[in-house]
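# Architecture at a glance
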Amino acid sequence: MTTTTTPLRASPWVTGVREAIPLLGGYIPIAISFGLVAVQAGFSAWEAVAISTLIYAGASQFVFVGMVAGGAPLWLVVAMTLLINVRHVVYAPNLAASMTTSRWWPALMHGLTDQVFALALTRLPQLPEAARLGWYTGAALLAWLAWIAGTAVGALGGEWVVERWPLLGEVMPFALPALFLVLVVPRLSSFRWGLATLVTIAAGALLAVLGVANAGIPLAALCGALCFFMVKRSPVTRSRS
Amino acid sequence: MTTMLWMAVVATTLGTLLMRMAPLIWMRRRLAERQTEDSVEPMPQWLSVLGPLMIAAVLGVSLVPAQPSIASWSATGVGVLATLAVWYRTRSLGWPVAAGVAAYGLTLVLAGSL
């Protein structure tokens, strides 16, 4: 897949912040929910904020507080939380070729969530090299601060927000699938990628319907990858038979 | 929180950070080796395939409404179509998302008033 770099009209930081704004539609309602759930599970508001600041991995944070509240052994809490986050292992290598030689990059990986990765995978190769670190820092920092702020709002006044604007809580989370859709659609450019991507989306949705959303993400990706490699190998198999 | 619970938070934090950071350090070394040795592949193919497909998987999972009903599924379908239509016209990030959310919300409101 070839990409063309385009010059930026604003500073890289500002561009990164601006382009990460669509993430907030998905981040803030989920962060508010997390703050609310954490307080209901017996954590104080500042403990909930500390968890969001330090762990900073959406779904696994819900599992963490839920298991702690349920009295699960702490080693199991840590193991389950890390298991959910294991998908992050494949993110940074996919971005490495688009990164500069700056020593800041490894530390900035704390902000590499699903959403930031999806955005960076599309945008980093399109940016001039000198703008990439600033762009990523702006985007990742906005997402991180929004997650922390959302958690604080949820922990301190989540119930009030949900009671006052119930529709907001229902509608805003759609920003996340809408953003992922916009990031995934350009990959439907070839039959092989298109088929693998559609199989992955369908498998992910099916597994979520079946109630295995967290394990469903790596499983669905594996289904898509299998499809990707089978499409490549199918002509060879035919010629042998 | 107890000291043990704080230790669990710290362990989870370090583990998650390591999963995000260590593969980058490994990959950067690999890319550096690639510059000196032509025989080293820049990235294993399975890794370059799994990365984008993880995002497709997250999309699939996130498309399923939290409270499935005819109204929420219809709103999801309308939201997806609106997002795709605006993306096709603008090829931008922000407007398609805004249009998708608006269409999703409008469908939910209309379905609720029926």
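Residues numbered from 1 in each chain as written. Chains lettered and ligands numbered in written order. Predicted model: local features only at pLDDT ≥ 70, side-chain atom pairs only at ≥ 80, totals over all residues. Heavy atoms only, no water.

## Some points on the overall build of chain A
Secondary structure summary: chain A contains 12 helices and 0 strands in total. Reading the helices (α) and strands (β) of chain A from amino to carboxyl end gives α-α-α-α-α-α-α-α-α-α-α-α. Taking 2.2 N^0.38 as the reference for a compact globule, 241 residues should give roughly 18 Å; the C-alpha atoms of chain A span a radius of gyration of 20 Å, in line with that estimate. Projecting the C-alpha coordinates of chain A onto the three principal axes gives extents of approximately 65 × 45 × 35 Å. The 241 residues of chain A split such that 51% are buried. If you sum the accessible surface of chain A, you get close to 11000 Å²; carbon and sulfur atoms cover 70% of it. When the 13 positive and 7 negative side-chain charges of chain A are each reduced to one mean point, those points stand 23 Å apart. (Helix = DSSP H or I, 4+ residues; strand = E, 2+ residues; numbered from the N terminus. Rg over C-alpha atoms; globule rule 2.2 N^0.38 Å. Buried < 20%, exposed > 50% of the residue type's maximum accessible area, 1.4 Å probe, protein only. Areas by Shrake-Rupley, 256 points an atom, 1.4 Å probe, with all protein chains shown as cover. Lys, Arg positive; Asp, Glu negative; His and termini not counted. Charge placed at Lys NZ, Arg CZ, Asp CG, Glu CD.)

## A word on the overall build of chain B
For chain B, the helix and strand inventory stands at 4 helices and 0 strands. Walking chain B from its N terminus toward its C terminus, one meets helices and strands in the order α-α-α-α. Taking 114 residues into account, the globule formula puts the C-alpha radius of gyration at 13 Å, and chain B, at 22 Å, lies well above it. Taking the principal axes of the C-alpha coordinates as reference, chain B spans close to 65 × 50 × 20 Å. Among the 114 residues that make up chain B, the fraction classed as buried is 45%.

## Some remarks on the interface of chain B and chain A
Taken together, the contact between chain B and chain A spans 60 residues of the former and 84 residues of the latter. In this structure, the connection of chain B to chain A is made through 0 salt bridges. The tally of links from chain B across to chain A stands at 7 residue pairs in polar contact (both at pLDDT 80 or more). The set of elements that each furnish at least two residues to the side of chain B that touches chain A consists of α1 (3–36), α2 (45–63), α3 (70–90) and α4 (94–113) of chain B. Ranked by the residues each element gives to the side of chain B that touches chain A, the list is headed by α1(B), at 20 residues. (Contact = heavy atoms within 4.5 Å. Salt bridge = Lys/Arg side-chain N within 4 Å of Asp/Glu carboxyl O. Polar contact = N/O pair within 3.5 Å; in protein donor to acceptor, adjacent residues only side chain to side chain.)

## Some details on the domain arrangement of chain A
Along its sequence, chain A is organised into domain 1 (12–170) and domain 2 (190–234). When each unit is reduced to the centre of its C-alpha atoms, the spacing between domain 1 of chain A and domain 2 of chain A is 24 Å. (Domains from an automatic or database assignment.)

## A word on the UniProt feature "transmembrane region" (unreviewed entry) in chain A
Residues and elements named next belong to chain A. The sites that carry the UniProt feature "transmembrane region" (unreviewed entry) are, in the present numbering, residues 20–43, 55–84, 133–153, 165–184, 191–209 and 215–231. Secondary structure across residues 191–209 comprises 100% helix and 0% strand; the distance between its end C-alpha atoms is 27 Å. Taken end to end, residues 215–231 comprises 100% helix and 0% strand; its first and last C-alpha atoms sit 25 Å apart. (UniProt positions renumbered as here; feature names shortened; annotations may be inferred.)

## Considerations on the UniProt feature "transmembrane region" (unreviewed entry) in chain B
Residue and element names in this part refer to chain B. Mapped onto this numbering, the UniProt entry annotates "transmembrane region" (unreviewed entry) at residues 6–26, 46–64, 70–88 and 95–113. Between the C-alpha atoms that bound residues 6–26 the distance is 30 Å, and the span itself is 100% helix and 0% strand. Secondary structure across residues 46–64 divides into 95% helix and 0% strand, with the first and last C-alpha atoms of the span separated by 27 Å.

## Thoughts on the nonpolar core
The biggest cluster of nonpolar side chains holds 76 residues, and the ones touching the most others in it are A:L23, A:L95, A:M109, A:L112, A:V116, A:W135 and A:Y136. Broken down by element, this core gets its largest block of residues, 12 residues, from α2(B). Core analysis: the next-biggest nonpolar cluster, separate from the first, contains 19 residues, A:I55, A:V63, A:V68 and A:V77 among them. (Core = buried A, V, L, I, M, F, W, Y, C linked by side-chain atoms within 4.5 Å.)

## Looking at the side chain of B:T12
When you line up the elements, B:T12 lands in helix α1. Here B:A8 takes part through its backbone oxygen, which lies 2.7 Å from a polar atom of the side chain of B:T12. If we skip the residues at most four places from it in the chain, B:T12 touches A:I55, A:F64, A:V78, A:T81 and A:L82.

## Digging into α1(B)
Across its 34 residues, α1(B) extends 49 Å between first and last C-alpha, which sits within 8% of the 50 Å expected from 1.5 Å per residue. At B:L18, α1(B) shows its maximal bend, which comes to roughly 30 degrees. (Expected span 1.5 Å × (residues − 1). Bend = angle between axes of the 7 residues up to and from the residue.)

## Quick word on the environment of B:T3
Residue and element names in this part refer to chain B. Along the chain, T3 turns up in helix α1. Looking at T3, the relative accessible area reads 61%, which means it is exposed. For T3 and P44, which are 41 residues apart along the polypeptide, the C-alpha to C-alpha distance reads 42 Å.

## Side note on the pattern of salt bridges
Residue and element names in this part refer to chain A. Throughout the structure, instances matching the rule amount to 2 salt bridges over all chains. Where E19 meets R123, a salt bridge forms, and the shortest distance between an N and an O atom there is 2.6 Å. Residue E19 is found in helix α1 (residues 12–40), and its partner R123 is found in helix α7 (residues 114–123); the two are separated by 104 residues along the sequence. The exposure class assigned to E19 is buried, which follows from its relative accessible area of 14%.

## Focus: unusual backbone geometry
Here the phi dihedral of A:Y56 falls at roughly 45 degrees; this positive angle occurs in a residue that is not glycine. Considering the arrangement of structural elements, one finds A:Y56 in the loop between α2 (45–54) and α3 (58–69).

## Comments concerning the side chain of A:S98
Position of A:S98 among the secondary structure elements: in the loop between α5 (91–96) and α6 (105–108). When residues no more than four places from it in sequence are discounted, the contact partners of A:S98 are A:L124, A:P125 and A:R132.

## A look at helix α8 (residues 129–164) of chain A
Taking 1.5 Å of rise per residue, 36 residues should cover 52 Å, yet α8(A) covers just 45 Å from first to last C-alpha, more than 12% shy of that figure. The sharpest bend along α8(A) reaches about 90 degrees and sits at A:G157.

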